[in-house]
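Here is what each chain is made of, one letter per residue.
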Amino acid sequence: KAGVTQTPRYLIKTRGQQVTLSCSPISGHRSVSWYQQTPGQGLQFLFEYFSETQRNKGNFPGRFSGRQFSNSRSEMNVSTLELGDSALYLCASSLKPGGIAETQYFGPGTRLLVL
Amino acid sequence: GNSVTQMEGPVTLSEEAFLTINCTYTATGYPSLFWYVQYPGEGLQLLLKATKADDKGSNKGFEATYRKETTSFHLEKGSVQVSDSAVYFCALSDGANFGNEKLTFGTGTRLTIIP
């Protein structure tokens, strides 16, 4: 079974631009979560989608948004990029939400550099 | 709120040494506890997990026991190998708090094993 895939793997943008990252979960998984990883802040939860609905959101500004499609693929968008948005963005999928029973499987990440 | 505290890194050990990476947590409910590993240039991989008190998770020679009385989930391995060099993340998911099952991560501990 193929793992979680993320595209693109690397991205360079300039301040003020916007970016869209894509995540395809493991086949059959309906829950997708997004995380931001930076050296200073570590891993921080962005949001989670299940059945095309956002069910959980972290403490990030409104410039960060996401969506999920009917095939469970998810995209996240960052508008008006800032230098501090440079990070590794990780996507994780699970069969359904639920921390006790469900294990999240992570993709390789998209490394975003904002210049 | 939930939080995870890991021992500061980096940790450097010789091959075949005994490894302990400390992890303690604060949670409002009854969390599940996880150790994830991130190899250079890759995303996170689940190493092991435990879902209730006194459970022991184990994988690839690594072990961790869920200690509710000390709110700890320390990672141990009896004899490390060079291939264990990676960043290790302790995490919790408060599955009893429906709608808030997101993973909360520690800051990560970089482990380097010297031949």
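Residues numbered from 1 in each chain as written. Chains lettered and ligands numbered in written order. Predicted model: local features only at pLDDT ≥ 70, side-chain atom pairs only at ≥ 80, totals over all residues. Heavy atoms only, no water.

J.: Lay out the pairing of strand 3 (residues 19-24) of chain A in plain terms, naming residues and giving numbers.
T.: Residue and element names in this part refer to chain A. Bridge analysis of strand 1 (residues 5-7) against strand 3 gives three bridges, and the strand direction is antiparallel. Note on strand 3: the bridge partner recorded for Q6 is C23. For strand 3 and strand 8 (residues 74-78), the ladder comprises five bridges, and the chain directions are antiparallel. Each bridged residue has a counterpart across the sheet, and for S22 the counterpart in strand 8 is E75. (Pairing = 2+ DSSP bridges. Helix = DSSP H or I, 4+ residues; strand = E, 2+ residues; numbered from the N terminus.)

J.: Lay out the pairing of strand 4 (residues 31-38) of chain A with the relevant residues and their values.
T.: Residues and elements named next belong to chain A. Most of strand 4 is tucked away, with eight of its eight residues classed as buried. Residues S31, S33, Y35 and Q37 line one face of strand 4 and the alternating positions V32, W34, Q36 and T38 line the opposite face, and both faces are buried. Across eight bridges, strand 4 lies against strand 5 (residues 42-50) in antiparallel orientation. Following the sheet pairing, Q37 is matched in strand 5 by L43. Taking the residues that link successive antiparallel strands as the turn, the strand 4-strand 5 hairpin has three residues. (Buried < 20%, exposed > 50% of the residue type's maximum accessible area, 1.4 Å probe, protein only.)

J.: Go over the state of the cysteines with me, naming the residues and quoting the values.
T.: By definition, a disulfide links two cysteine residues through a covalent bond between their sulfur atoms. All names here are of chain A. Enumeration over the complete set of coordinates arrives at two disulfides over all chains. Here C23 is linked by a disulfide to C91, with a sulfur-sulfur distance of 1.7 Å. Around the S-S axis, the bridge from C23 to C91 shows a dihedral of about -55 degrees and counts as left-handed. Remark: C91 occurs in strand 9 (residues 87-94) and C23 occurs in strand 3; sequence separation between them is 68 residues. (Disulfide = S-S within 2.5 Å.)

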